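Residue strings, one per chain:
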Amino acid sequence: MKKLLFTLMLMLTCQLTFGQTAKSIFDDYKNEKHAQFVSVPRIMMSIAANKVGDNNMQAVMKEVKSVKVLTLDDCRKSTRKGFVKKITALSGRGYEEFTRVKDNKDNVLVLAKQGDRYIEEIVVLVSDDNDCVGIYITGEINPEDIDAVVSMAEDY
């Protein structure tokens, strides 16, 4: 019985240790030497939404709780690679690949974490040999609003 309890506790500890989220990854890397980190809270998103003329874009911006942008361009190459590896590993851990684009040396990965009715988190990773930018968006975002914004962007 003791062995069974010990094994269960060990498994739970391992699960908690390796169960990283986008938030925890951004929190780990935002204090790296030469990292640049910007956090935009809900109040700023609301103010910006009121200035946007397009109703679809305005709807999406009002659904966003926060946006965090992490730039690791000036960090060591090993730091950038570690960040890319951890963000990429989120796929399949509650985050679904929304889109992946490779254009020349640029790689773009967009992951989304879906709740019951809304998209709760969006993670965007843009990287190449020298650049690495991560964007972390949280909120209760209606998938239909995102479709409208994407359709609007395709028209341009």
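Anything mentioned here points back to the structure above.
Residues numbered from 1 in each chain as written. Predicted model: local features only at pLDDT ≥ 70, side-chain atom pairs only at ≥ 80, totals over all residues. Heavy atoms only, no water.

Engineer: So what exactly am I meant to see when it comes to the environment of Ile119 here?
Structural biologist: Here Ile119 shows up in strand E5 (residues 119-127). Overall, the relative accessible area of 4% leaves Ile119 in the buried class. If we skip the residues at most four places from it in the chain, Ile119 touches Ala112, Lys113, Gln114, Gly139, Glu140, Ile141, Pro143 and Ile146. (Helix = DSSP H or I, 4+ residues; strand = E, 2+ residues; numbered from the N terminus. Buried < 20%, exposed > 50% of the residue type's maximum accessible area, 1.4 Å probe, protein only. Contact = heavy atoms within 4.5 Å.)

Engineer: So what exactly am I meant to see when it comes to the sheet that holds strand E2 (residues 64-71) here?
Structural biologist: Picture the strands of a sheet paired through backbone hydrogen bonds; they go either parallel or antiparallel. The six strands are arranged E1-E2-E6-E5-E4-E3 in an open sheet whose pairing can be described as antiparallel. Of all the strands in the sheet, the pair left with one neighbour each is strand E1 (36-40) and strand E3 (96-103). On average, each strand axis in the sheet is inclined to that of its neighbour by 10°, with strand direction left out of account. Of the strands in this sheet, E1 and E2 are in contact with helix H3 (residues 42-51), which crosses E2 at around 105°. Contacts between helix H5 (residues 77-89) and the sheet are confined to E2, E3, strand E4 (106-114), E5 and strand E6 (132-141), with E5 contributing the most and set at about 145° to the helix. (Pairing = 2+ DSSP bridges. Axes fitted to C-alpha atoms, helices over the stretch in contact; angles between N-to-C directions.)

Engineer: Explain the nonpolar core to me, please; I cannot follow it from the model alone.
Structural biologist: Side chains of nonpolar character tend, in soluble globular proteins, to be buried together. Within the largest apolar cluster, 18 residues are counted, with the highest numbers of intra-cluster contacts made by Leu72, Phe83, Ile87 and Val123. Taken together, the elements giving at least two residues each to this core come down to helix H2 (22-29), H5, E4, E5 and E6. When residues in this core are grouped by element, the largest group, four residues, is from H2. Those residues in contact with Phe83 that lie beyond four places of it in its chain are Ile25, Phe26, Tyr29, Leu70, Leu72, Leu125, Cys132 and Gly134. In this structure, Ala49, Val110, Ile119 and Ile146 belong to the second largest nonpolar core, which totals 13 residues. (Core = buried A, V, L, I, M, F, W, Y, C linked by side-chain atoms within 4.5 Å.)

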